Each structure stands twice: as C-alpha cells, then as structure tokens.
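# Structure assessment
As a plain string of letters, each chain reads:
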Amino acid sequence: MERPLPMRCSQFPLNTLKETPTEAEVISHQLMLRAGMIRRLASGLYTWGPIGLRVLRKVEAVVREEMERIGALELLMPAIQPAELWQESGRWQKYGPELLRVKDRHNREFCVGPTHEEVITDYARRELKSYRQLPICYFQVQTKFRDEIRPRFGVMRAREFIMKDAYSFHADVDSLRTTYQAMFDAYSRIFTRLGLKFRAVEADTGSIGGNGSHEFHVLADSGEDAIAYATEGDYAANVEMAPTFPSKPGRATGTAAMNRVATPNAKTIEEVAACLNMPTNTILKTLLVRGRNVPAVAIVLRGDHELNDIKAAKHPLIADPFELITPSEAMALTSAPVGSIGPMNLTLPVIVDFAAADCVDFVCGANEDGVHITGANWGRDLPEPVVADLRNAVEGDPAPNGMGTLTIARGIEVGHVFQLGDTYSKAMNCEILDEQGKPRTTIMGCYGIGVSRIVAAAIEQNHDTNGIVWPVPLAPFAIAIIPINGHRAPDVQAAAERLEAELTGLGHSVLLDDRGLRPGVAFADMELIGIPLRIVVSERGLAAGEYEVRLRRESANHSVSVEQLVGWIAQHL
RNA sequence: CGGAGUGUAGCGCAGCUUGGUAGCGCACCUGGUUUGGGACCAGGUGGUCGUAGGUUCAAAUCCUAUCACUCCGACCA
C-alpha cells in the first residue's frame, strides 16, 4: 500500500462555512460549499479545493482500477474538437445549443467536447486495421462541457464536469455483448466499492439509437430520475421504460346511468374532480396528439395517470417524435376546448390506455365547452376501446418480471452503458479487415461514469445534520486526530504526533488538527467534512492509557486502550 | 426561451417605503482572558451598495437601460 503523507491543519487549511450560501439548494451542494470542497467560479463552473479534489481522486482511482481490470486502455483525448469531425457524424447539426462552439484565430470552428464518440472513432479508424486487433476498449477520465440550459445543484448538474468515458470496438455483436457485460460488472463493482446504494436500470436508448442500455443510479430522494423496481427479483427500469399491462379479461359491468353534467370552468382533471366531487381515477382525460398519417389521434388515460411520450411515439398511429397538437387545432377538430374533450363521438382514431380501458362508470369530456359526461361505459355508451400501453408506471403496478409489484424510487444517474452499434463507425467509416480480408464496419459500445457527479451523489446519500458522512473509500482522510489542549500539554501533542506517524505508517490517511482551537470547533469541522474516524488525544485519556474514538456514522464514543487501537481501527474502519 | 425574484464586505443579512454619503452577525487581524461540543472582553482591517446613464444641492434609496445570479417551466442525459 502506498504510504500517504500525513497532513496537519496548519498545512492543509480547512475553510469551512457556518452558514449556508443561498445559492445552494440541495444538501450535497450546501455541504460541499460549507466544507470548502468546491467554490463557484461562474454558473455551472466550479473550482475544486484541496479537500474536494482528494475525494474526486478517490473516485477516479477506483474507476481506473476497475477499468484496467477488464482490460480497458487509458488514453487522453483533447477537450477541444474540430467541427469537421462532428459534421462527419452529423451531430454538428443535430446537437443543439448545448454544444459549445468556438472559433480559433483563423476562424476555424471547434467545439468543447461534451462527449468523445467522434474523436475516438477517428482515432480508432486510424489505429485499427485488422479483426485481430479486436475487441479493444479505450477509456479516459476527462473534463467535458455541456452548455446546460439551467445548471443547478452544484457539481451535480454543472456545465463543466469530469467524466470517465470508455469506448469499445468489435468485429461482431457477440463480442460487443461480451464487453458490455464485462463493463456492466465493472460498474457494479465500482459503485459497490465506493460504498453506494445503487441500481442498474434498463434505459431508453434515446436519440442515439442502438439497443441494449443500462443506467446506473445512486438512490437518493433528491434524485432527478424516477426508477421503478420490482419488490421481488432484480427488475429495475427507468419509469419511462417500465411497461404496464392489460388487466385480466372481464371488466366489471357498469351500473350507473349516463348523464351530461355542467362543469363550468373546470379545465384540468383536478378541477373536474373537485367540481363533481369524484376521485381523479374515475375521470378519463383525452389528449390530442399528432398522428403518423392523420392530423390527430386521441389518447385516453385515467385522470391520475401520466402520459408516457416515449411509449406513445412507438405506437403505429402516433407521430414520432411525439407532439401534442395545439389548443387551437384541437378546437378546430372537436369544436370543444382541450379541457372538455372526450372520446365519445370523436371522428379521430381513439387509443385507450390499458388502465383507462378497465374503467367503468367513468367521467369524460363531452366535446362541448364546460360539459362532462358521467356514468359512461365502454361497450355500452362507447365502442370497445382500442388499447395500448401509453402511461408511466406507478407504485403498485404489477412488476414486468412477474414478481410482486413496482416500487418507485428517486435516483441520480451516475453511469450509463450503451451498445452503440455502428452509428458512428458507419458514418465515419471505421472499418477493419475480417478473416476473409473483406472490409467490415466495426461495432461500438460506449460507457460513461459521471465522476464529479458521484461525489455529490454520495453526499446526497450519506449525510446527517452535522455534515457529510463519507463512506471510507471516498473520504478525503480516513482518520482525524484531535489533541485536546495540545499546545499547552506537551505530552498530548507528542502523543498525537506519535499516533499520526504510526497510523500513517500503517497506510491510513490521517489529518492531525494542530490548530489548538476549542474542541467543539475542531469536532464540528471534522464532522462537517465527514472524516470517518475521529481519535481524541487528551491528558485524561493518556493518564488512563486510552484514546477516545468515534465513528462518524455513530454518535457514541469508545474508549480504546493505546495497545488495542490499531486492531480496533482495522476492525471498524 | 417563457414566468418569478435577487444583486449592499469572503458568507448570511438590515438599511430603500419617507434621498442627507453605509450598518449588524459570522469569518479575518491585534492584544488579553479562556480551552472536552461552534468562548469572552477590548481594539481593528475590509464595501466607488452589480454596471451605465438620468432626476436632484445631494442617490444604496427615485427613474431608465444593461449585466449577472437564483428559483419554476420548457430542453437535455
């Protein structure tokens, strides 16, 4: 083990804040600012201070080790990339204003790389000539830039951020799958080693295309993504991806009589529900969307459900990309404002979500301003519905793996593995010669980890009212030594220094607080910055031959004898 | 880009309504007393009040423009 350098507060200043800067909204951002890990330079741009950088390096080290373990080769590509490459892949046009474009003094166009598919593909097409060189996987840890519309949450969604990105090249799909699985396993090991609670979820392949993609999410209530996972078994997916199912055949029979009722000024489902004093799940909402071959298609959902536009866009009748028609177009087609549209007597194709198709005695718009219909039933008042899966899964839906039901949790996306296919290799002509000496387009995979985001995500998951509670593998220092009255009691000071040398010699990273401050201040600082283990050296303790130790994740002190300390640490840290 | 809001010392804020030349807490510096859970006393450093114009004898305060930042939304992964 590499022997760490001992650190003292006199050489390694802590610059902590007692008060939370107003700019910070989420806990991780507040604590990182207070602990002095990061300082803001401009919107979405942060300087990493000494403490923050130590944590960042810890993450990097684990990521690097696991990448090397599966045979990935580290390289480093430029942050600035020529426009020609992006024009070749077609993304110069496709990528929006998120791509920061710059010109050099000769007026040549470049961009600050938000990702490196083009650069790596260009590199690979020059380096790789033969199937014998495949498969191969490159990775780098590098600063990326995405000109986010609204950077927020500190380093969690910054414009400039550090990412580990890896790209693999293959002669065939089987080889891609093998590497994909190896990468998936490496990611699982990385997050496990970092001490984080996470889930790998099936993800949408998005606009990049291709198939086979998983996102790795750190679970935290403040997460921006909703994840659906089965109460039993290991099924997990982005809520957008989780399918819902038709219920068993045999819908209940409606008993209510159909009525037209006035619902003046009730535009939204909530307003209709309040107006009629009915729960939202008995009301059906009708949305008009652009059709693939017709001007509009009506989608019917239960009032308490949310439309899933990814699912909708895959429906053969619905336009891809998905788009709602405008209120004025809707008015022209149905002669009712959007708040009062319903499936009854519509001249448009009507597609009904599975759950909405199960409803009986339901409420829906009457296609007349300010009027709704109550007690409506499929097959009686309306034709039997054409059904489809069109909504987001919700808590309690049957799990797609057939085991139990779905639970919804929030997650922070920290990793993404993706079977890219030949999107880039084809566009950029990255070919090798196969066994027959024939040129063949390579197949690619790409794999990202948000290194700087992991730091924030770890804090979201591990903190208390006193500050950060680092998992040991991420901690800037493993152990804090606090001498009480060290400057006045030479034996205490000497004992603390001996302990520092001993623990450092054993490979622990140690921060000795030699500031001579009141104990409360020292304790509070070490707790804020989240040091996993605190050792207090005092006259009282030395007289008894003991140290007082405390784990950051606990709130009780332990008295440990001088002789047993090393063993105790080995056992508890 | 649409909506809302905020810019006063490193951080958190007051002062603005009713113009009179800037203040509080924390942090920082000096001296002293303290020292097991964010000490106390005394003294001190630090701000052309986001910027530019305008009104006025006089602008942090009123007016106009502009910039930056924050929040909500759309967008992105």
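Residues numbered from 1 in each chain as written. Chains lettered and ligands numbered in written order. Predicted model: local features only at pLDDT ≥ 70, side-chain atom pairs only at ≥ 80, totals over all residues.

## Some remarks on the overall build of chain A
Helix and strand content of chain A: 16 helices and 31 strands. Each principal axis of the C-alpha distribution contributes one length, and for chain A these read about 90 × 70 × 50 Å. When each of the 573 residues of chain A is scored for burial, the buried share is 42%. (Helix = DSSP H or I, 4+ residues; strand = E, 2+ residues; numbered from the N terminus. Buried ≥ 20, exposed ≤ 12 C-beta atoms within 10 Å, placed from the backbone.)

## Quick word on the pairing of strand β18 (residues 362-368)
In terms of residue burial, β18 counts as a mostly covered element, since six of its seven residues are buried. The pairing of β18 with strand β19 (residues 371-376) spans four bridges and is classified as antiparallel. Residue Gly-365 lies in a different strand from β19, and its bridge partner there is His-372. Count of turn residues in the β18/β19 antiparallel hairpin: two residues, of which Gly-370 carries a positive phi of about 75°. (Pairing = 2+ DSSP bridges.)

## Quick look at unusual backbone geometry
The omega torsion across Leu-134 and Pro-135 is -5°, close enough to zero to call that bond cis. Not every positive phi belongs to a glycine, and Asn-429 is a case in point at roughly 60°. Here Asn-429 falls in the partly exposed class, since 14 other C-beta atoms lie within 10 Å of it. Despite not being glycine, Asn-485 has its phi angle at roughly 55°, a positive value.

## Quick word on the sheet that holds strand β27 (residues 479-483)
Ordered in space as β1-β28-β27-β29-β30-β31, the six strands form an open sheet in which the pairing is mixed. Since the sheet does not close on itself, it has two edges, and those belong to β1 (7-8) and β31 (558-561), each with one partner. Bridge count for strand β30 (residues 546-551) against β31 is four bridges, and the pairing is antiparallel. Its bridge partner being in β31, Glu-548 is matched across the sheet by Ser-559. Lying on the sheet, helix α13 (residues 490-505) is in contact with β27, β28 (510-512) and β29 (533-537); it crosses β27 at an angle near 165°. Along the sheet, helix α16 (residues 565-572) contacts β29, β30 and β31; its crossing angle with β30, the most-contacted strand, is approximately 10°. (Contact = placed C-beta atoms within 7 Å. Axes fitted to C-alpha atoms, helices over the stretch in contact; angles between N-to-C directions.)

## Brief notes about the nonpolar core
Soluble, globular proteins show a tendency: their nonpolar side chains are buried together. Counting 97 residues, the largest nonpolar core has Val-59, Ile-479 and Ile-481 as its most contacted members. There are two domains that each give this core at least three residues, and those are domain 1 (21-242 + 408-459) and domain 3 (477-572). Sequence-distant contacts of Ile-479, defined by excluding residues within four places in its chain, comprise Leu-503, His-508, Val-510, Ile-531, Leu-533 and Ile-535. Within the second largest apolar cluster, 37 residues are counted, among which are Leu-288, Ala-296, Val-352 and Cys-359. (Core = buried A, V, L, I, M, F, W, Y, C linked by C-beta atoms within 7 Å. Domains from an automatic or database assignment.)

## Observations concerning the pairing of strand β9 (residues 160-170)
With eleven of eleven residues buried, β9 lies mostly within the body of the structure. A two-sided burial pattern is seen for β9, the buried positions comprising Glu-160, Ile-162, Lys-164, Ala-166, Ser-168 and His-170 on one face and Phe-161, Met-163, Asp-165, Tyr-167 and Phe-169 on the other. Taken together, the eight bridges between β9 and strand β24 (residues 443-450) define a ladder with antiparallel strand orientation. Counterpart to Ala-166 in the pairing with β24 is Tyr-447.

## Re the sheet that holds strand β17 (residues 350-353)
What the four strands build is an open sheet, ordered β15-β16-β17-β20; its pairing is mixed. Edge positions in the sheet fall to β15 (284-289) and β20 (387-388), since each has one partner strand and no second. When β17 meets β20, the two strands line up parallel, connected through two bridges. Counted as the bridge partner of Val-352 is Val-387 from β20.

## Observations regarding the protein's contact with RNA strand B
Taken together, 37 residues lie around RNA strand B, and Ser-43, Pro-519, Gly-520, Ala-524 and Ser-538 are the ones closest in. When residues in the surface near RNA strand B are grouped by element, the largest group, eight residues, is from helix α14 (residues 519-528). (Near = placed C-beta within 6 Å.)

## Comments concerning the domain arrangement of chain A
Split by domain assignment, chain A resolves into domain 1 (21-242 + 408-459), domain 2 (259-388) and domain 3 (477-572). Here the C-alpha centroids of domain 2 and domain 3 sit 66 Å apart.

## A word on the environment of Ala-356
Within the secondary structure, Ala-356 is located in helix α10 (residues 354-357). Between the C-alpha atom of Ala-356 and that of Ala-182, which follows or precedes it by 174 residues, the distance is 42 Å.

## Here's the deal with the environment of Cys-359
Looking at where Cys-359 falls in the secondary structure, it is placed in the loop between α10 and β18. C-beta crowding within 10 Å serves as the criterion here: with 25 such atoms nearby, Cys-359 is assigned to the buried category. Residues Cys-359 and Thr-282, 77 residues apart in the sequence, show an inter-C-alpha distance of 7.0 Å. Among residues more than four places away in sequence, those in contact with Cys-359 are Thr-282, Leu-284 and Arg-302.

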